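An overview of the molecular structure
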Amino acid sequence: MQDVGFIGLGMMGAQMARHIANAGFRLHVFDANSDAAERLSATGATIHSSPRSVSDAAEAVLVCLPTPDIVEQVALGTDGVIHGKRVRFYADHSTTGPTVARKVAEELAKAGIKSLDAPLAGGSRGAEAGTLSVMASGDGEAFTSLLPVFQSFGRNVKLVGKEAGQGQALKLVNNMIVGANLVVAAEAVLLGVKFGLEAETVLQMLNASTARSFVTEDLIEKRILDRNFDFGFRLELMCKDLRLCLAEAEAAGVPMPVSALARSFYDIANENGMTGRDMTVVVDELERAAGVTIARRTS
């Protein structure tokens, strides 16, 4: 397999597509924003006018799109991947939730297309560095065939389940933990600051102790402490993922009251005009409520 299609050339997708081209695959791309597609021309990518056109040219098509509705349209719409003449394998790197993943997989299977839901972890920095985690689930033949493509932009690539939607479930679990952890960790650090402790000292001790986590070590100590709200994941996308997680949990009969409370902080930040900013700006809302900030000591 040499011809690989990529649809969705946003903050993550553009970087992933570049890695695929640099790995020697013939790249075929489409994005609703023609400028985004044109920027890939330097890699030698062939630019197409529709998802169907990409699927006429490529044996495998990968998508990385912002919402479940867009994923369904790209995969199953009148000009979608499902109508391509050459496509044999499909992988969705978006976060859509298990329900949409299962629907898309079932419809593509009717057209003889083997599919994977393969959501990502690692953010835009991981995409740029080629160190993403890829949580794939679905057809085993598709995974084996697409593994070299995934490895061009992923360091931790695993088939986590054989059923469509299981990768999506794992991604929602991952994002809920990160989202809830950021809220509770920021609240706790702010309490320490309120007691007169230096935020830097609090974080150094936490990260040498049992409370350490990716959130305390990376998001707070390496970014927020220096007032850099730049993880690379937009607030409204985190709101979407947390809502998806809770909706799927309700459908599965799993109560998540703590997670629901954590989600509300992101919704509040979004409603307060922070749409388009990084998801870590939720800490800004918590700081205003506490009357102190998480900032490095200045001499």
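Structure first, text after, so check above.
As the structure is a prediction and not an experimental result, all values here were calculated from the model. (Residues numbered from 1 in each chain as written. Predicted model: local features only at pLDDT ≥ 70, side-chain atom pairs only at ≥ 80, totals over all residues. Heavy atoms only, no water.)

**Looking at the overall build of the protein chain**
- The helix and strand tally for the protein chain stands at 13 helices and nine strands.
- Taking 2.2 N^0.38 as the reference for a compact globule, 299 residues should give roughly 19 Å; the C-alpha atoms of the protein chain span a radius of gyration of 20 Å, in line with that estimate.
- By residue count, 53% of the 299 residues in the protein chain fall in the buried class.
- Nonlocal contacts in the protein chain, meaning residues at least 24 apart in sequence, comprise 67% of its contacts between residues at least 6 apart. (Helix = DSSP H or I, 4+ residues; strand = E, 2+ residues; numbered from the N terminus. Rg over C-alpha atoms; globule rule 2.2 N^0.38 Å. Buried < 20%, exposed > 50% of the residue type's maximum accessible area, 1.4 Å probe, protein only. Contact = heavy atoms within 4.5 Å.)

**Focus on the layout of surface pockets**
- The space that makes up the largest pocket amounts to roughly 1,100 Å³.
- In terms of lining residues, the largest pocket is bounded by 44 residues, among which Met12, Gly123, Lys171, Gly232 and Phe233 are the most central.
- Mapped onto the lining of the largest pocket, the elements with two or more residues apiece are α4 (68-76), β7 (120-121), α6 (123-129), β8 (132-138), β9 (154-161), α8 (166-194), α10 (214-220) and α11 (235-252).
- Split into classes, the residues belonging to the lining of the largest pocket amount to 20 nonpolar, 15 polar and nine charged.
- As a volume, the second largest pocket reaches approximately 250 Å³.
- Contributing to the lining of the second largest pocket are 14 residues, with Ala169, Cys245, Glu248, Ala249 and Ala252 lying nearest its centre.
- Looking at the lining of the second largest pocket residue by residue, the class counts come to twelve nonpolar, no polar and two charged. (1 Å grid on protein atoms, 1.4 Å probe; cavity = no way out; pocket = protein on both sides within 12 Å on 5 of 7 lines; lining within 4 Å. Points joined across faces, edges and corners; volume = space filled by probe spheres on them. Nonpolar A, V, L, I, M, F, W, Y, C, P; charged D, E, K, R; others polar.)

**Some thoughts on the pattern of salt bridges**
- Summed over the entire model, instances satisfying the criterion amount to 19 salt bridges.
- Residue Arg125 pairs with Asp230 through a salt bridge whose shortest N-O separation is 3.0 Å. Here Asp230 lies in the loop between α10 and α11 and Arg125 lies in helix α6, a separation of 105 residues in the sequence.
- On the basis of relative accessibility, which here comes to 43%, the residue Arg125 falls in the partly exposed class.
- Residue classification places Asp230 among the partly exposed residues on the basis of a relative accessible area of 32%.
- For Glu200, the salt bridge goes to Arg296, with nearest N and O atoms at 3.0 Å. Of the two residues, Glu200 is situated in helix α9 (residues 199-206) and Arg296 in the segment after α13 (282-290); the sequence distance between them amounts to 96 residues. (Salt bridge = Lys/Arg side-chain N within 4 Å of Asp/Glu carboxyl O.)

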